[in-house]
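Residues per chain are reported as follows:
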Amino acid sequence: MTGVHLSGQLVCGDIDEVAAVVRHLASHVALTRAEPGCISFCVSRTESPLVWQVDERFRDAAAFKAHQDRVASSEWGRATAGIERRYAIDGL
């Protein structure tokens, strides 16, 4: 495998956090997929109504860092900052 791969779960603590994800997810996905170096980006609901599966692939560490920097200051980043993330990252 080449590039950077992030895989894991976004774990909401309550229905308000779920609502924040639902409200901002489509825009977040569209913006991320349009980033230079994004190979694939998928966030999908799991069997648990509070948990989302996240899988991301970026061309290289620079593209992944640029993504992380953009997300930190984005509407998505602000709206979901308090939501637990359980991610593993390969390729850094």
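Each residue is numbered by its place in its chain's sequence as written, counting from 1. The predicted origin of the model limits local features to residues at a pLDDT of at least 70 and limits the giving and counting of side-chain atom pairs to 80 or more, whereas totals for whole chains, interfaces and linings rest on all residues. Heavy atoms from the whole structure form the basis of all side-chain values; hydrogens and water molecules are not counted.

A few words now on the overall build of the chain. For the chain, the helix and strand inventory stands at three helices and four strands. When the helices and strands of the chain are read in sequence order from the N terminus, they spell out β-α-β-β-α-α-β. Radius of gyration here is computed from C-alpha atoms only, and the compact-globule reference equals 2.2 Å multiplied by the residue count raised to the power 0.38. Here the chain has a C-alpha radius of gyration of 13 Å; the compact-globule value for 92 residues is 12 Å, and the two agree. Considering only C-alpha atoms, the chain reaches an extent of 35 × 25 × 20 Å along its principal axes. We count a stretch as a helix when DSSP gives it H or I for four or more residues in a row; a strand needs E for two or more, and each element gets its number in order from the N terminus.

We now examine the layout of surface pockets. Only protein atoms enter the 1 Å grid used here. Points where a 1.4 Å probe fits but cannot escape make up a cavity, open sets with protein on both sides within 12 Å along at least five of seven lines make up a pocket, and a residue lines them when an atom lies within 4 Å of a point. Grid points are joined across faces, edges and corners, and a volume is the space filled by probe spheres set on the points. In this model, the largest pocket occupies a volume close to 200 Å³. Lining the largest pocket are 16 residues, and of these Glu56, Gln68, Val71, Arg85 and Tyr87 sit closest to its centre. Broken down by secondary-structure element, the contributors of at least two residues to the lining of the largest pocket are strand S1 (4-11), strand S2 (38-45), strand S3 (51-58), helix H2 (61-72) and strand S4 (84-90). It is H2 that provides the largest number of residues to the lining of the largest pocket, a total of five residues. For this scheme, ten residues count as nonpolar: Ala, Val, Leu, Ile, Met, Phe, Trp, Tyr, Cys and Pro. Four count as charged, namely Asp, Glu, Lys and Arg, and the remainder, Gly too, count as polar. Its residues assigned to classes, the lining of the largest pocket comprises 11 nonpolar, three polar and two charged.

What follows deals with the sheet that holds S3. Pairs of strands are assigned from DSSP output, requiring at least two bridges between the strands. Strand order in the open sheet made by the four strands is S2-S3-S1-S4, with antiparallel pairing throughout. Looking at which strands have only one partner, the edges of the open sheet turn out to be S2 and S4. Shown here is a sheet whose adjacent strand axes are inclined to one another by a mean of 10°, direction ignored. As judged from the seven bridges shared by S2 and S3, these two strands associate in the antiparallel manner. Bridge pairing in S3 places Val43 opposite Val54. Only the stretch in contact is used when fitting a helix axis, every axis being a line fitted to C-alpha atoms; angles between N-to-C directions are given from 0 to 180 degrees.

This part takes up the nonpolar core. For this analysis, a nonpolar core means a set of buried residues of the types Ala, Val, Leu, Ile, Met, Phe, Trp, Tyr and Cys, connected via side-chain atoms within 4.5 Å. Exposed residues in this analysis have more than 50% of their type's maximum accessible area, buried residues have under 20%, and partly exposed residues fall in between, with area computed by a 1.4 Å probe over protein chains only. Ranked by internal contacts, the top residues of the largest apolar core, which has 19 residues, are Leu10, Cys12, Val21, Leu25, Val43, Trp52 and Trp76. Of all the elements in the fold, those that place two or more residues in this core are S1, helix H1 (15-33), S2, S3 and H2.

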